[in-house]
Structures are given as C-alpha cells and as structure tokens.
Protein chains: 2
Amino acid sequence: MKKITISTILSLVVFLLQAQSIQWTEEFPGVWKGSFGKPDSYTLLSAAGSKPKSDVLSKLQETAFPLNKTEIHAEIIDGKTYLRFPLMKDEQIYGLGLNFQTVHQRGKILNLHVDHYGGKDNGRTHAPVPFYVSSEGYGILINSAQYLTFYVGTGVRKDSKNPPVAKDRNTDKTWSSRPYSDAVEVYIPAEGIEFYVFAGESSLDAIKKYNLYCGGGTLPPRWGLGFTQRVQKLYTADDVMKEAAEFEEKGYPLDFIGLEPGWQTKAYPCSFEWDKSRFPDPAGFTKKMLDKGIRLNLWTNPYVSPEASISKEIEPYTGSHTVWCGTVPDLNHPEAKRIFANQLDKDQVKIGISGYKIDEVDGYDFYLWPDMATFPSGISGIQMRQTYGVLAQKLTDGLYRKENTRTFGLVRASNAGANNLPYVIYNDYYSHQDFITALVNSGFCGVLWTPEVRGSKTGEEWLRRFQSVTFSPMAMINAWSSGTKPWSFPEVADQVKYYAELRMQLMPYFYSEFAKYHFQGTPPFRAMALEEGFRNESKTVAGSQSLEDNPYLEAVNKEVKDQYMSGEYLLVAPLFTGQSTRKVLLPQGNWYDFYTGELAGNGQEITVTPGLDRIPVYVKDGGIIPLMETRLHAPAAGEKVNMEIRHYGTKESSYNLYDDDGVSFDYEKGAYSWRKIEIKKDKKGQLQGSISNAVKGKPDNIAKVGFRFMSK
Amino acid sequence: MKKITISTILSLVVFLLQAQSIQWTEEFPGVWKGSFGKPDSYTLLSAAGSKPKSDVLSKLQETAFPLNKTEIHAEIIDGKTYLRFPLMKDEQIYGLGLNFQTVHQRGKILNLHVDHYGGKDNGRTHAPVPFYVSSEGYGILINSAQYLTFYVGTGVRKDSKNPPVAKDRNTDKTWSSRPYSDAVEVYIPAEGIEFYVFAGESSLDAIKKYNLYCGGGTLPPRWGLGFTQRVQKLYTADDVMKEAAEFEEKGYPLDFIGLEPGWQTKAYPCSFEWDKSRFPDPAGFTKKMLDKGIRLNLWTNPYVSPEASISKEIEPYTGSHTVWCGTVPDLNHPEAKRIFANQLDKDQVKIGISGYKIDEVDGYDFYLWPDMATFPSGISGIQMRQTYGVLAQKLTDGLYRKENTRTFGLVRASNAGANNLPYVIYNDYYSHQDFITALVNSGFCGVLWTPEVRGSKTGEEWLRRFQSVTFSPMAMINAWSSGTKPWSFPEVADQVKYYAELRMQLMPYFYSEFAKYHFQGTPPFRAMALEEGFRNESKTVAGSQSLEDNPYLEAVNKEVKDQYMSGEYLLVAPLFTGQSTRKVLLPQGNWYDFYTGELAGNGQEITVTPGLDRIPVYVKDGGIIPLMETRLHAPAAGEKVNMEIRHYGTKESSYNLYDDDGVSFDYEKGAYSWRKIEIKKDKKGQLQGSISNAVKGKPDNIAKVGFRFMSK
C-alpha cells in the first residue's frame, strides 16, 4: 500500500508540474504551439477561422527552436497569465500591430486594443496584432482576443540574470531613466494562453511562416490593384456615371468606384438598402458600370437602423448596447450572420456589387459598445471589440467565395489571422508621414494598409500623397467629403496621371508580389529592416538637456520609418509637403534609380532632390520589373496585354511572374501559372531576357513581351 | 417531505437573489454602503486606513436616498463587476480624479489609473479618485484599488428606459456622434464591489460627507500655509543657509525650504541617507535652520539603492521588479514599513526634518513595476500602483504623528481615503492653464494640488504663475532645476513680494478654511460649480464643419475651468502669459474687488483688464477676510499677531476664525477654538465689527484686531 501511495503522489506531482508548465507542440517545421493553463476557447485565430497553408508549411526545412525554452516563463498571477520571453542585448523587436510612429518596439509598453489611431503608439490601433518579430529571426504570436499588455524590454526583474547596474543620478552622467531589460513580458487577462513561436533563417522568414500559418496572405482580384476613386457621400447614380465618364474622357485609369453613405436609405446606423431616390435602379446601374469595366464598392458600417428591413429579425442576435442608436449584430452568432449576410447578398452582391468598405468597426470608445456589453453568442464585449473587424471581413468575404468571385475592400479594424482576408485598412488620421510608417509596419503583422488621399491644401501635397499611394496595396482617392478628383489641382494633373498610369503598368509586378504573399507568405509592402544588407541598428540621441522640458533627460530614438520596400525590388522613399530633399538609406549592394536606371548608391545614405514630379524609387541590382501597357482598366479574365520587362543593374537574375484569371478562386484549385523571366549574360557579356512559355491549360494574359535594360 | 423541499428551494432562491443583489447599509445619515458579490479585501479605503469622522457624521440630518435604488444595477459579467447608476437628462457629473483639462465629466470614458498626467483627461492621473459628485446633490465612491473604467453617460443600452432616437446622418443635420445616455456604467475587474452613496442638499454637501467619511480633510501645520522654496538639486548646507539669508535680507517670506536629490548619497534609486560631502552635519544644520524659523522638507522616492544601508534588510520585503535598479519596498508589508520608516525616522525626522516630497510614486509605466509584478504582502501590482502614493503618505505621516508634530509635504500620487493625509500633489506637466483646472478639480475628490512655479521664460509668466500659486494649498517655488528665486525677474520682483506677503497675511483665513476642511469636510479650493448661484449649464458649440478635420462633426464642450473658489469668500480668476484681459463669470449676488472693495458685478460675466500687477480676486457680499500682519515666517505656537479683519459689500455677516497651537495634533483632543467675528449694522446703519473673546484654556494667537470695511 505504501508503495502505491508514493507512486500516486509522484504522478500527481508530475501532473501538477505539467499543468504549471508550458506544453509544446511542433505544428510544422519551425512552427511551435505553446499552451499554458486554460486558454480561452474564443481566440483571434478561431475568430478569423483561417487554416494554415499546410501544403507549403509541411514542406519547410526543419529548424531548431529559436530560444532557450527554459527562459520562456508562464505563470498565473492574480487570475491572469504572465508570459515572459527572453531578449538578447542587441535584439530589436518589430510588429505588435499597425503602429504609425515607430518601427522599433523594444522599450515600448503596448496595451493592444482595437481602436481608431489616437496619435500615439500605445497599442490602440486598427490592427493591434499580438505578433512580434525579432531581429534574431523568430516571431511570436499570442493568440488571445483579450486586451493584452506587452512590456517589450521595459520591466527589470530582481531575478534577472542580466541585471542592469544601479547608478546615482546625482553624480553619474550615464544614468538613464530606462535601464536595460532582458525580457518581453506579456500580461494576459485570461487563466491560460495559447501562443506560437515561428523560427526562420531571418526575420522575414519568421514573418512568412506566420503569414502561411494564418492561411497565407490575401490575393486580391487583379482589378483591385488598379485605381479607385470614392465619390462624395450623397452622389446619385447619375453623378457617379458622369464622374466615370469624366475619368474616361480625361484618360485617368479607374477600376472601381466607392459609394459612400448616400447609397443607403439610412446611415449611422444603417439600413443596408439602396436609397431609390439617389439610385432608382441599382441593378441596372451596377450593370452599366460593370459594362464600362468599372466595379462598385459600397461603404457601410454594421450597425442596424431601427428602420432597416432586417431590424426586427436580427434584434435577438444583437448586443446589449447600441451604436448611434443602431443595434450591433453579434457577428459571432450564426443567426445574426445569416440575416446580415442574406441582406447584403440579395440586395447588393447578387446584382454585381464588387465589395465593401466596412467602417466604424474599430472605435473610438465613445461610439462603440463598452467593455461590459454582452452578446448572445456569449463572447465578451472585449473579445467582440478585438475581433469585430475580422468577423465583418470574414462574413463579407464569404459572400464572394460563394460566388467564386474575389472581392477587395476596405476595413477599419483587423487582427491576427485575417492575413488571407481581402481587406485593406484605412483611417481618418491623415498624417502623410505617419501613413508611410504604417505601411512600413503593416508588413510585420499580416495586414494591408492604404495611405489614402482625401483632400489637400495644395497641389504639392496632392501630388506627394498621390505618389506614395501609387506604391501601396490600394491606390485610392477617398473624396467622400472633399469631392476632389485626380485632376483637381491643374498644376499637377499631368503628374498625377503619370503615377496613375504607372500604377496600372505595375499591375503584373504587384499581382506577382501579392501571389508571393499568398503562396509564400512574403508581405508585399514591408520594412527596410527585413531587407538583407540594411543597416538596422537602433540609434538613440540625447533629448533636451533642460530639466524643465525633459525632467528625466529621456533620450530620443532615431529610426528609419519613412522608406519601405514595395515588392521584391522597389525601395520607395516618399517626400512630404514642404520637402524638396531627403535622405535615403540604401542597403548593401548596388541600387538604381527606377526612372533612369542610373546607379544611385550602395549601402550608404544618399541625399536626393528629385523635384516635385518624382517620388524617389530605387531598384535592387538585378531587379526585374514586369510592366503592362498603360490601360484605363485592369485586363478582363483571358484578355491579353503587352508587357515590357525592365531589368536594372548588371546582375543576372530571374523573376517569377504570376498569372491566373484575375477574378475567381480557381487559383486555389491550381488554375494559375508562374512564368519564369530570366536575364542572363550572353557570350559577349550582354544581358539578354527570356520568359518561359505559357503553361498549357493555365490562364495566360500576356501578348507581346519586350525587354528593357535600364542600366545599360 | 415535499413541503420541506419547496421551502428549502424557496430559501435557496431567496439566498441566490440576495447574492445577486446589492446589500445596502446606512452607515451615517446620508451615507450608504452598497455591497455586491465578493469585494476585494484590499481597497482604497483599507489602504488609506482612514476612519470616518463619526462624531460629526452621526449628528447630520437624516436624508432620503438620493436615487431610485431599483435603477442601481450590479451584475457579474465575464468575471468582472458591472455597476450602473442612473443619470437624469440635465444632470452634470464632476470629479473622478485630478483631471487637468475638463471639469464636466459627463460624456467621458475614464480608465482610472495612477500615472503621471499625459496631457489628456483619460483617467490616467496622479489621483484617479473613483468618486464623482452629481449636480443633483449626491456623490458616489467606488472603493476599489483596481483599474476601474467609468462610462459617464456614454454607453446606450438597448434596454434603456430613456433611449435616444436613431437619426439618418445622410439627411438629418441634428445627427450627433454621441447620442444621449441615461447611465454611468462602471466596469470593475473584481468579482464584487463595495461602494458608497453620499446624499446632500447640494453637491458641496455630498462632497463634505465624502471628505468626512474619509476622516475629514487634512489640517496642515500653520507654517505649511506660508511660503516655500525648493532649492537646486545639488545645493550644499552652506548654499541653503546662504539662500535663506538672502530671503531674510531681501524681505521675502520663507517658511520651509525643500532639499532636492542632492541631500542623499544616492538618488534614483535612493539611499535615504545624508550626503556628508554636501551636508556634513545634518542635525546641526537642521537646528540652525529651525532657529531661524525655517523648516526643511526632503525630496525622495521610495526605491532602494543597492548601496542604501537598509538595502539588504528590506530586500525580502520588496517587489518582483525594480525601479531604476532599486528595489521597491512593499509598503503594505509590516516589515518593509518598519525598516523604511525606521531609516527615515532616525536619520531625518528625529533631527527635526519637517517633511518629505515623495516623488515617482505615480508613473510613468516605463519607470514603475509592470502590472504583473508581485509583492510579498500578496496584493497585486495593480493594487500597489493604485495605492503606492497613499501608502507612502501614510507611512511618513505616521512618523510625525508619533512625534505629535504635524507635517505638510508633497506627493505625486494619491487616491480616495487619503483626504486627511497632509500632502499636496504636484507634477512635471507645467501648463499654467491646466494647473488651474486641476485646482478646480482637486476639490471634487478630496486631494490638494499646487500649481507650483518652477522657471519662466519671462517676468510676465513668472508673475502670473506666482500670483496663482498664492491662492493655492501650497505657495511654492520649485527651483530644483532652474534655481530661480522669487526676485530672479527684477522687473516683477516687487509684485512677487507683494503676493508673497499677501500669502502670509492670508494665513488666518486659509488656516480657518483648512480647519473647515478638517472638521466639516469643506474643500478649501474648489470649483465654481459648487458655489450657490453659479450658472452651471454645460454648453456645447459646433466644432469644425470640415469632414476632413472633424469626420464626425464632434461638438466642443465649453465650460468654466479657469476660475475657482479659494475658501469661503474668494473667487480667483488667474490670467495667463500673453493675456491682458479675461472674462470672469460671477455667481448671483454682489461680488466685490478684493483689492479695492468696489462692486464688480452680480450673476454676470464681466471682462476685466487688471494689469500685470494684479490677479483678479473677488469677494462675496458680506465676505469677511481675516488678515494677519505681514511676516517673514508663520507665528510660532503661542506667538501673538495683530489682525486686520476686512469686510466686503454691504451685508451683515459672520465668520468663524479657527485657532490652535499650529503645530501639534492636540487639536484632535480638543485643544482648539473657533472665535466668532460678527459684522452688524448699528442703529445708524453703519457696519460694526466684533470678535468673540478668546476661549479660556484654548490656544490664542491674536494680539490686536482692527476692522476694515472695504466697500464703504
């Protein structure tokens, strides 16, 4: 008996120790799941419902676990989960959501909370994705739909193995208000947690695995990569048609038009029904526009007006609180989803509307439900807040999947797991500089962001903003309020047209880059820090030395946050109103001017004065940029276009050009092709280009191909 | 058997309903405690350890419960407590901590969190007191040391009995982004809550009860109401004595001097020990200063340098995380308290140091411990953060209570229940305008605040700031960094001296007003909204009509936040740098110019152009202001001074003048007196003044008394 008792006790001890320790599972090569305590059942990934791209992930190379597992600590403290990950001395941390002002996250405290962006990187943003990537080549995702607090190398523990040394501020000039910390600490208001570690050879590699784990990046329809104009809020069908005709007449590209609140009978809250006074024949109007090659995208928010036809039916499946007196559909509840989806489907999707702009799913707190709001499906007001944008994306995307037609829309909130949902984030913040930093950060967290153009005070501002939106996931003018058109500033109308046309020409390049996002997980827009050969150190410089202004003599962090990679080869360095010159930091290797093909520099900081007409863009040595002929609309499925394939620099190189029908989901069943472009030196040392033949039985959109060697 | 079963079930149902409902206790007339679920045992009031002033409270008049109890709702949602209180249509809400930019709190969402002030009223502030008072004459305190979220008339529930009506934003110009809400909703991260309702005839009455319930307001030593200068951080004993001599020589009042970090051998973190190179003989130096009538106050933060003599002994009683590499004493742990108190006591209090400036107990997050930090006494990192300033106040106040000597110090964090602790809050924010708004708000939440003067860019700014600090709880120049002295701007040195002298003259007035704070709960500095006859409506005006700048066309709230009551009679309306004129809103009744006694207005907005020499101050009709003769230091215990008693306006009136020894706690045992000043008209209609005789056996500080009728 005694023996049995001891062994029973021992197994109990083992059991308890296990319950207190992290359980690890390697899900794919280089992808580990950690589980601790009792994780919530409703998580970011469950809300997004994304499935790992197992076919790709399972073929990846085996990789060692990137951290010392014994240094990953988990503990329940005060009913919440405390997770800690080690940091090395010079390690840098990126990500943790769509930040607008900072790229380096080490030294930050972020409380991740879906919200409008309030002007400070504090964790409240449109996509507060709890995923970070380290300069050491690994990434960590905390899969929780709670408000999570990240202390990224800030807290200093008594039991630290690498403790900083106390200094006397009275006498020691090296005293710092922020001593070194050797850990990322996460506080999770739940009694357990599920999290993931992604290992890679590089930071980019870890991000690719994260994107693939979340289903791969989204592949927009080809037309989504053209140009879009959102018209003024109370436009009628006639106004819209007149405006489309004006684009055609003036020769400005236009792939889709966004209708703002006026298409609905009620807005804020919404009816989700056409206002017949402004749009007497929605189906006829939609068809007319489609016939011209122009698609329609509809603004909405999900809050149900008492006068909406679905109001009564959906009411039992809405939350305890209202938004602008409209009920809040519980988009986690099958009945709410069914009723809501059905209304959009029959009234809009079925007549050919191509997508939505889903507004107001982010915040701010004053507009949305409070944290203690309840929802019929049983998830908390907080979990709903963290995932509402994702749920709305999923619901609308689902409508299009049923039709086997891709959509590409806009949304104001997203989160982890929505990587493969075809939505681009936007907001009202409208700082051009910070919009670029958001573009830089979007690539760290599996979301897309558009630095949309609304109005401008001057032609200079208009052109500068337009130039950068050209090199972004969605080239858009949002004139819902201003009514501005591409040609509204006559002094820069030609330059705007040049960039609108360039956007169309770049369609094959961007389409291929998005295909890489989908099939390989490579973010199409991303930070310089992910580029090989980029000098990536964090610099701090002394702040104000006046104790009145700066009582703790806080240092200021300097980082490169105003240039980014646009696809594999293009380095974009926007200028902002008032600037005539700027500095560009080029990674190692030769870089060439996009417009002239001339050598711009190599691993150095250059100062450029490009003039107002040009946004500085540089191409990596060996860069191959496939350009389509200039068009006003994206080619239709099967329509063939002529191509000019540009090569920059002197290196031999190759590029995989993606193709499919551009509109359906057939690519998911194999109906796509990669054609290989090769640039090689002939016997005389001259660069020569070739492209592999079209793959039999696969979509083929290419007519004639020409090669152009830009750096000859 | 069946009968018993039914009755058993019934009692179970009754029991469960009770557990689900609020339990009410009337603690004193007009003071109710509500209890729901399982409240935390560690609360704000338990941390402060304050005891209700039962003698006063129990004698108050019975009052009806001020709200409809059935409309107070409590519920556990997702493991947290949801409390809801009703709001009437035109009700205004004040308080919820030391806000700096707004007085009206209706329409706000505040997450109460002890922190430095970050430039926005979002709940993060030095004293995020969870007490609010309604314009309807009641107050509510949520007694929790968690981070509480208040939705003050923002959330709109589906089940609201007074729901606002949905409007169509497309067409209805009266659409508002913030529809009417009929409730204050509070979300408390704990499975139960204890809260208090204070009823009164007026809002001020409710605040008085709250202050009395928390032990009554603090009564500073008389010298605390004089003038204080904080010297530059590395001053030596000689520097300090030289500076004190300079004050004397130039004839500027000086009651206590603040020594900044340099008095300690180590600072940030601290040693709590004298630096003998700068202060070779602390005891001798302190005595010399005391002999001159000048007390000393010492800066410190509570974080323990590894080189402090107490470092080893206190280490087991410190938290899991460090602050600037110093350990964090668990000030809720008896051993940490004993060790820490003992060091201060033997090294400083015992040699005659008169008080402390307790720095860095507020935030910000980067400096202090993270929320998941643990402490040996078992309270959470959050609870410690919410109460650390209070615990530090209590500990140091305790040292002086043992000596039967009052202290008066500075602190950067406080909370509910600290009402009777002798500390004034300060910070680094330094916006003169917002400092005045903080002074306005301090009176709503039982704390004291000083709009301290540090440096200034111009003589004008220097004088404007100095004028307003004169009418505040602590008249202070904090020259820790700037080294500025009252006379540093020669062009305004005389005007500064005038106000420093006025501050000394006002000592009997302020001392009496503080006695009312202590004995009756009346805050000595408070908002106009608490003044009878003040037009108190909330005005909103349209914001920018550009949808680009203001996408939701948010209205702007206009409120009076730049004038305040300083004691019973004085209305203070500061001017700020760059202003030569301002508007002052006078409550109903005649108001008179403080300086001239002339009628200024009655229930109206006046525009004044006082010149740089004067800060506008107005006195209520019948106002009695007892002034002491001008002195450089507060009178010592028992020292008699001459008084001039001023009367303003034409009304007969009376004033209770308080007196005690000015330094000890003997007033708590009855060693004090109130002497009645009466102004009456004689048979000819002429105003005549009288003062009641000194009370036998009680302290008496008055020599000669003269009366001056200012509005003759």
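Conventions and cut-offs
Residues numbered from 1 in each chain as written. Chains lettered and ligands numbered in written order. Predicted model: local features only at pLDDT ≥ 70, side-chain atom pairs only at ≥ 80, totals over all residues. Heavy atoms only, no water. UniProt positions renumbered as here; feature names shortened; annotations may be inferred. Helix = DSSP H or I, 4+ residues; strand = E, 2+ residues; numbered from the N terminus. Rg over C-alpha atoms; globule rule 2.2 N^0.38 Å. Contact = heavy atoms within 4.5 Å. Buried < 20%, exposed > 50% of the residue type's maximum accessible area, 1.4 Å probe, protein only. Pairing = 2+ DSSP bridges. Axes fitted to C-alpha atoms, helices over the stretch in contact; angles between N-to-C directions. pLDDT = per-residue confidence, 0-100. Core = buried A, V, L, I, M, F, W, Y, C linked by side-chain atoms within 4.5 Å. Buried area = accessible area lost by both parts, 1.4 Å probe. Salt bridge = Lys/Arg side-chain N within 4 Å of Asp/Glu carboxyl O. Polar contact = N/O pair within 3.5 Å; in protein donor to acceptor, adjacent residues only side chain to side chain. Nonpolar A, V, L, I, M, F, W, Y, C, P; charged D, E, K, R; others polar. Least-squares fit on C-alpha atoms with pLDDT ≥ 70 in both. Phe/Tyr/Trp six-rings, centres within 6.5 Å; stacked < 30°, edge-to-face > 60°. Lys NZ or Arg CZ within 6 Å of the ring centre and 35° of its normal. Right-handed = clockwise from strand over helix to strand, strands pointing away.

As annotated in an unreviewed UniProt entry, chain A carries the name Alpha-D-xyloside xylohydrolase and is attributed to Dysgonomonas alginatilytica. Taken directly from UniProt, the Sequence similarities (unreviewed entry) text for chain A runs: "Belongs to the glycosyl hydrolase 31 family."

### Some details on the overall build of chain A
Scanning chain A from terminus to terminus reveals 13 helices and 38 strands. Radius of gyration (C-alpha) of chain A: 26 Å, near the 27 Å computed for a compact globule of 712 residues. The dimensions of chain A, computed from C-alpha atoms along their principal axes, are 90 × 70 × 65 Å. Intrachain contacts of chain A at a sequence separation of at least 6 include 73% that bridge at least 24 residues.

### Overview of the environment of Pro 306 of chain A
Following the sequence through the fold, Pro 306 of chain A ends up in the loop between β16 (295-300) and α7 (311-314). Given a relative accessible area of 48%, Pro 306 of chain A falls into the partly exposed group. Not counting residues up to four positions away in its chain, the partners in contact with Pro 306 of chain A are Pro 269, Ser 311 and Cys 325 of chain A together with Ala 166 of chain B.

### Re the sheet that holds strand β37 (residues 687-691) of chain B
Residue and element names in this part refer to chain B. Here three strands make up an open sheet; going across it, the order is β35-β36-β37 and the pairing antiparallel. The open sheet terminates on both sides in strands that have one partner only, identified here as β35 (653-660) and β37. Each strand of the sheet is rotated relative to its neighbour by a mean of 20 degrees, with strand direction disregarded. Two strands pair when backbone bridges link them, and strand β36 (residues 672-681) and β37 are joined in this way by five bridges, in the antiparallel orientation. Paired with Glu 678 across the strands is Ser 690, a residue of β37. The sheet contacts of helix α13 (residues 507-520) involve β35 and β36, and relative to β35 the element is tilted by about 85 degrees.

### Topic: the confidence of the model for chain A
In the predicted model, chain A carries a mean pLDDT of 95, and 97% of its residues have values of at least 70. Two summary scores accompany this predicted model of the complex, namely pTM at 0.95 and ipTM at 0.94.

### Some words on the nonpolar core
Residues Ile 257, Leu 259, Trp 369 and Phe 471 of chain B are the most contacted members of the largest nonpolar core, which totals 187 residues. If near-sequence neighbours (up to four positions away) are discounted, Leu 259 of chain B is found in contact with Arg 230, Val 231, Val 240, Trp 274, Phe 279, Phe 285, Leu 296, Asn 297, Leu 298 and Trp 299 of chain B. Residues Tyr 213, Phe 366, Val 447 and Leu 502 of chain A belong to the second largest nonpolar core, which totals 186 residues.

### Remarks on the interface of chain B and chain A
Listed per partner, the contact involves 74 residues of chain B and 74 residues of chain A. For the pair chain B and chain A, the summed buried surface comes to about 6,100 Å²; carbon and sulfur atoms form 57% of the total. A salt bridge links Lys 158 of chain A to Glu 315 of chain B, with the nearest nitrogen and oxygen atoms 3.2 Å apart. Counting the contacts that link chain B with chain A gives 44 residue pairs in polar contact (both at pLDDT 80 or more). Secondary structure elements with two or more residues in the side of chain B that touches chain A: β4 (80-86), β11 (156-157), β12 (183-188) and β17 (321-322) of chain B. Across the side of chain B that touches chain A, the residue classes tally to 30 nonpolar, 21 polar and 23 charged. Bridge count for strand β11 (residues 156-157) of chain A against β17 of chain B is two bridges, and the pairing is antiparallel. Note on β17 of chain B: the bridge partner recorded for Arg 157 of chain A is His 321 of chain B.

### Overview of the relation of the copies chain B and chain A
Note on the identical chains: chain B maps onto chain A by a rotation of 180 degrees and an axial translation of 0.0 Å, with an RMSD of 0.0 Å. The superposition operator between the copies reduces to a two-fold rotation axis. Both copies present the same face, since 100% of the interface residues in chain B are matched by interface residues at the equivalent positions in chain A.

### Examining the side chain of Arg 157 of chain A
Among the structural elements, Arg 157 of chain A can be located in strand β11. In terms of polar contacts, Arg 157 of chain A uses its side chain to reach the side chain of Asp 159 of chain A, at 3.0 Å. Side-chain polar atoms of Arg 157 of chain A contact the side chain of Asp 182 of chain A, separated by 3.0 Å. If near-sequence neighbours (up to four positions away) are discounted, Arg 157 of chain A is found in contact with Tyr 82, Arg 84, Asp 182, Ala 183 and Glu 185 of chain A together with Ser 320, His 321 and Thr 322 of chain B.

### Thoughts on the packing of aromatic side chains
The geometry of two aromatic rings is summed up by the distance between their centres and the angle between their planes. One pass over the structure, following the stated rule, counts 120 aromatic pairs over all chains. Taken together, the ring pairs in this structure connect Trp 175 and Tyr 552 of chain A together with Tyr 268, Trp 299, Tyr 303, Trp 324, Tyr 364, Phe 366, Tyr 367, Trp 369, Phe 375 and Tyr 388 of chain B into an aromatic cluster. When the ring centre of Tyr 180 of chain B is taken as origin, the NZ or CZ atom of Lys 89 of chain B, which lies over that ring, is 3.9 Å away. One cation-aromatic arrangement involves Arg 614 of chain B over Tyr 595 of chain B; the distance from NZ or CZ to the ring centre is 4.7 Å.

### So, the sheet that holds strand β5 (residues 93-95) of chain A
Residue and element names in this part refer to chain A. With antiparallel pairing, the six strands of this open sheet are ordered in space as β1-β2-β13-β9-β8-β5. The sheet is open, and its two borders are formed by β1 (23-28) and β5, each paired with just one other strand. Within the sheet, the average angular offset between the axes of one strand and its neighbour, ignoring direction, is 25 degrees. The pairing of β5 with strand β8 (residues 131-134) spans three bridges and is classified as antiparallel. Bridge assignment links Gly 95 to a residue of β8, and that residue is Tyr 132. In this fold helix α4 (residues 203-213) packs onto β1, β2 (31-37), β8, β9 (138-142) and β13 (192-199), with an angle of close to 155 degrees to the strand it touches most, β8.

### Here's the deal with the environment of Arg 535 of chain B
All names here are of chain B. Summarising the element assignment, Arg 535 is placed in the loop between β23 (525-527) and β24 (539-541). The class for Arg 535 is partly exposed, based on a relative accessible area of 42%. Sequence separation between Arg 535 and Pro 587 is 52 residues, and the spatial gap between their C-alpha atoms is 6.8 Å.

### What about the environment of Ser 442 of chain A?
All names here are of chain A. Along the chain, Ser 442 falls in helix α10 (residues 432-442). Owing to a relative accessible area of 2%, Ser 442 belongs among the buried residues under this scheme. Along the backbone, Ser 442 and Pro 524 are 82 residues apart, and their C-alpha atoms lie at a distance of 9.6 Å. Those residues within four positions of Ser 442 in sequence are excluded, and the remaining contacts are Leu 98, Val 447, Trp 449 and Phe 525.

### Things to note about the pairing of strand β15 (residues 256-259) of chain A
Residue and element names in this part refer to chain A. The alternating pattern of β15 places Phe 256 and Gly 258 and Ile 257 and Leu 259 on opposite faces, both of which are buried. Where strand β14 (residues 227-230) lies against β15, three bridges are found, and the strand directions are parallel. Of the residues in β15, the one forming a bridge with Gln 229 is Ile 257. As for the winding sense of the linkage, the β-α-β connection from β14 through helix α5 (residues 237-250) to β15 is right-handed. In this sheet, β16 lies alongside β15 in parallel orientation, the contact comprising four bridges. When the sheet's bridge partners are listed, Phe 256 is paired in β16 with Arg 295.

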